[in-house]
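Tertiary structure, described
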Amino acid sequence: MQILTEPRAMQQLCQSLRCQGADLGFVPTMGALHAGHLALCHRAREENPQFVASIFVNPTQFGASEDLSRYPRSLETDLELLREAGCDAVFTPDARAMYGDTDLLHGTWVDVAPFNEMWEGVTRPGHLRGVATVVAKLFNLISPSRAYFGEKDFQQLHVVQALTRDLNFPIEIVGVETVREPDGLALSSRNAYLNEQQRRAASAIYRAMRAGVEAARGGETDVAALGRTMNAVLEAEPLIQPQYVAVVDAENLTALQQLDGRAARILISAHLGKTRLIDNMAL
Ligand code: AMP
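Residues numbered from 1 in each chain as written. Predicted model: local features only at pLDDT ≥ 70, side-chain atom pairs only at ≥ 80, totals over all residues. Heavy atoms only, no water.

Points about the nonpolar core
Definition in use: We define the nonpolar core as a collection of buried residues of types Ala, Val, Leu, Ile, Met, Phe, Trp, Tyr and Cys that are connected through side-chain atoms lying within 4.5 Å of one another. Exposure classes here rest on a 1.4 Å probe applied to the protein chains alone. A residue is buried below 20% of its type maximum, exposed above 50%, and partly exposed in between. What counts as a helix is a DSSP run of H or I of at least four residues, what counts as a strand is a run of E of at least two, and both are numbered from the N terminus. Where each domain starts and ends comes from a domain assignment, either automatic or drawn from a database. Contact between two residues is taken to exist if any of their heavy atoms lie within 4.5 Å; hydrogens are not considered.
Residues Phe 139 and Leu 163 are the most contacted members of the largest nonpolar core, which totals 46 residues. Those elements that provide at least two residues to this core are α1 (7-19), β2 (24-29), β4 (89-91), α4 (95-99), α6 (127-142), β5 (146-150), α7 (154-166) and β7 (240-249). Counting residues per element, this core draws most heavily on α6, at 10 residues. Taken domain by domain, this core gets at least three of its residues from each of domain 1 (2-176) and domain 2 (189-278). With near-sequence residues (within four places) excluded, Leu 163 lies in contact with Val 110, Val 112, Ala 132, Val 135, Ala 136, Asn 168 and Phe 169.

Describing the sheet that holds strand β9 (residues 275-282)
To keep it simple, the criterion reads: By definition, two strands form a pair when at least two bridges between them are found by DSSP. Angles here are taken between N-to-C directions and fall from 0 to 180 degrees, while the axes themselves are lines fitted to C-alpha atoms, restricted in helices to the stretch in contact.
Taken together, three strands build an open sheet; the order of strands is β7-β8-β9 and the sheet is antiparallel. The open sheet has two free edges, formed respectively by β7 and β9, since each of these has just one partner strand. On average, each strand axis in the sheet is inclined to that of its neighbour by 15°, with strand direction left out of account. In this sheet, β9 lies alongside strand β8 (residues 264-272) in antiparallel orientation, the contact comprising eight bridges. Its bridge partner being in β9, Ser 269 is matched across the sheet by Ile 278. Against the sheet, helix α8 (residues 196-217) makes contact with β7, β8 and β9, and its axis sits at roughly 160° relative to β8, the strand it touches most.

Considerations on the environment of Val 57
Along the chain, Val 57 falls in the loop between β3 (50-55) and α3 (75-84). Overall, Val 57 belongs to the buried group, its relative accessible area being 14%. Separated by 201 residues in the primary sequence, Val 57 and Gln 258 have C-alpha atoms spaced 39 Å apart.

Focus on the site of the ligand
Selection rule: In these notes, residues near a molecule or strand are those with any non-hydrogen atom within 4 Å of it. Here a polar contact is taken to be a pair of N or O atoms separated by no more than 3.5 Å, where protein atoms must pair a possible hydrogen donor with a possible acceptor and residues adjacent in sequence count only if both atoms sit in side chains.
Taken together, 17 residues form the shell around the ligand, and within it His 37, Gly 150, Asp 153, Val 179 and Leu 187 come nearest. In the environment of the ligand, an oxygen atom lies 2.8 Å from a nitrogen or oxygen atom belonging to the side chain of His 37. Within the backbone of Val 179, an N or O atom sits 2.9 Å from a nitrogen atom of the ligand. Counting residues per element, the ones that place at least two in the shell around the ligand are β2, α2 (35-47) and β5.

Scope: geometric values only; no functional claims are made or implied.
Below, the structure written as structure tokens:
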């Protein structure tokens, strides 16, 4: 497995991999790898003769008061996991390699409307712009045939699909189902911030979504009633502070008032202490 830190070297390597005519899979990550990331890697391994991954804690997707400096980093373990997953090359640039030495050197941003004005776009201003911009840069450097993203970050997946369509990247975007702990908590690098009590309480996010799904299966179509059902589960855990609990159209992420047969998705964001978790589930 090759490990590259310079964008130009990564671009040349990927060009030569694709010159051989073969499909190339790509798994972008911020490191601190867990079984969720590895599910993306296994899928990439199965569907492409070669796949590459990136590990880059992208500063432009963190707000000023967010956790950029304390975001978990475990490069050596990550590289070992990627090697075991059959990864052919890993791109691990630093911020200077991706954005230059000063802000003046980087002035091009990708804003994906209208997703940047809803849910995560509102609660984390600038976050989705940072994600869209770094994904576009990585797509240009790597030119994969297929790129793999988790459904765990449902809005991010929509942003990536939209920018791929809008900017005509010849890349197939593959969404991969969320990998969960036995109690339902979605795996996330940020789970490492939770203390023991918060970790126990965090499973209420999954239980709330399940309660929403069960109520809908039982015939409830009123989204306000579904919201009350889910909020009741969350409120039973004093350590959780919900930020939004929404039922949205799964295609365009607009809030629904009624379930009417269209594919719908529950979106939840909640704080446990300073840690912010997001999750989602099909309705
Ligand atoms: P991150 O390192 O958090 O930026 O995540 C890198 C990729 O892994 C993104 O496409 C995430 O959606 C995906 N991912 C993160 N957690 C999970 C999970 N529990 N199951 C599946 N995919 C995940």
